[in-house]
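Tertiary structure, described
One-letter residues, chain by chain:
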Amino acid sequence: MSDRFEIQDLLAGYCYAVDDKDFDALDQYFTKDAVIDYSEMVGVKGSLGEIKEFLRTSLDPIPMVQHAVMTTQYIFDEDACETRTVCHNPMVVPGDNGEPQTIFFGLWYIHKFRRTPDGWRISSLYEKKCYNHNLPDYIKAQTA
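Note that this is a predicted model, so its numbers are computed, not measured. (Residues numbered from 1 in each chain as written. Predicted model: local features only at pLDDT ≥ 70, side-chain atom pairs only at ≥ 80, totals over all residues. Heavy atoms only, no water.)

A short note on helix α1 (residues 2-19)
- Here α1 contains 18 residues, and its C-alpha end-to-end distance of 26 Å stays within 8% of the 26 Å for a straight helix at 1.5 Å per residue.
- Three or more residues of α1 are buried, namely Ile7, Leu10, Leu11, Gly13, Tyr14, Cys15, Ala17, Val18 and Asp19.
- Note on α1: the residue one or two positions beyond its end, Lys21, has a positive phi of about 55°. (Helix = DSSP H or I, 4+ residues; strand = E, 2+ residues; numbered from the N terminus. Expected span 1.5 Å × (residues − 1). Buried < 20%, exposed > 50% of the residue type's maximum accessible area, 1.4 Å probe, protein only.)

This is how it looks when you write it as structure tokens:
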């Protein structure tokens, strides 16, 4: 059970770091060689450093972001674990007319975790698209 709780804390910590735009905090959740794959959602895949820069740039104009994760499935294999977690991600973004617009993304987080001397860490993250709703045209173009 303690492994599940430690992994659950990593999932929540990742979400809060992104929502709070505290991208340097992501260092404590990922392995140094982690691969983060947002290609299915927004066409980006890279190292933690590359993804931190992408998040800084892409989320800067977005005033409100909230990740809600739930329904996690765990598959343990000794010092490794893979999880699939539902994520509901509403955001308030500038609409095509410049006014605030609330959009929604639904996805699954597919994480791989590795036990390290410092505890469990995320070694890979893949976002699998499920749905989106109410996207302005400029965001539709990025997520097509």
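As for the side chain of Thr83
- Topologically, Thr83 is positioned in strand β5 (residues 80-94).
- Under the relative-accessibility criterion, Thr83 is labelled buried at 2%.
- When near neighbours in sequence (up to four residues on either side) are disregarded, Thr83 contacts Ile7, Thr72, Gln73, Tyr74, Tyr109, Ile110, His111 and Phe113. (Contact = heavy atoms within 4.5 Å.)

Here we look at the packing of aromatic side chains
- Counting across every chain of the model gives 5 aromatic pairs.
- Aromatic pair Tyr14 and Tyr109: ring centres 5.7 Å apart, planes at 85°, arrangement edge-to-face. Of this pair, Tyr14 sits in helix α1 while Tyr109 is found in strand β6 (residues 100-116), placing the two residues 95 residues apart along the sequence.
- For Tyr14, a relative accessible area of 2% puts it in the buried group.
- Judged by its relative accessible area of 1%, Tyr109 falls in the buried class.
- Centre to centre, the rings of Phe76 and Trp120 are 5.9 Å apart; their planes meet at 75°, and the pair counts as edge-to-face. You can see Phe76 sitting in strand β4 (residues 68-77) and its partner Trp120 sitting in strand β7 (residues 119-133), a full 44 residues away along the chain.
- Look at Phe76 and you get partly exposed, because its relative accessible area is 32%.
- Trp120 gets classed as buried once you look at its relative accessible area, which sits at 1%. (Phe/Tyr/Trp six-rings, centres within 6.5 Å; stacked < 30°, edge-to-face > 60°.)

Some words on the nonpolar core
- Grouped together as the largest cluster of nonpolar side chains are 38 residues, with contacts concentrated most on Tyr14, Leu26 and Phe30.
- Contributing elements (two or more residues each) for this core: α1, β1 (30-37), α3 (48-59), β5, β6 and β7.
- The dominant element in this core, judged by the number of residues it contributes, is α1, at 7 residues. (Core = buried A, V, L, I, M, F, W, Y, C linked by side-chain atoms within 4.5 Å.)

Observations concerning α3
- The end-to-end C-alpha distance of α3 is 16 Å, a good match for the 16 Å that 12 residues give at a rise of 1.5 Å each.
- Within α3 the residues assigned to the buried category are Leu48, Ile51, Lys52, Leu55 and Leu59. Viewed end-on, α3 has its buried residues packed into an arc of 105°, placing them on one side of the element.
- In this structure, the buried residues of α3 make contact with α1, β1, β2 (45-47), β3 (64-65) and β5. (Arc of directions from axis to C-beta.)

Examining the environment of Ala12
- Along the chain, the position of Ala12 falls in helix α1.
- C-alpha separation for the pair Ala12 and Val69, spaced 57 residues apart in sequence, amounts to 7.5 Å.

Side note on the pattern of salt bridges
- Enumeration over the complete set of coordinates arrives at 7 salt bridges.
- Lys52 is paired through a salt bridge with Asp27; the nearest N and O atoms lie 2.8 Å apart. One end of the pair, Lys52, is in helix α3; the other, Asp27, is in the loop between α1 and β1, with 25 residues separating them in the sequence.
- On the basis of relative accessibility, which here comes to 10%, the residue Lys52 falls in the buried class.
- When its relative accessible area of 41% is taken as the criterion, Asp27 is described as partly exposed.
- One salt bridge connects Asp33 with Arg114, and the closest N-O pair in it is separated by 2.8 Å. With Asp33 in strand β1 and Arg114 in strand β6, the pair connects residues that are 81 residues apart, well separated along the chain.
- Owing to a relative accessible area of 34%, Arg114 belongs among the partly exposed residues under this scheme. (Salt bridge = Lys/Arg side-chain N within 4 Å of Asp/Glu carboxyl O.)

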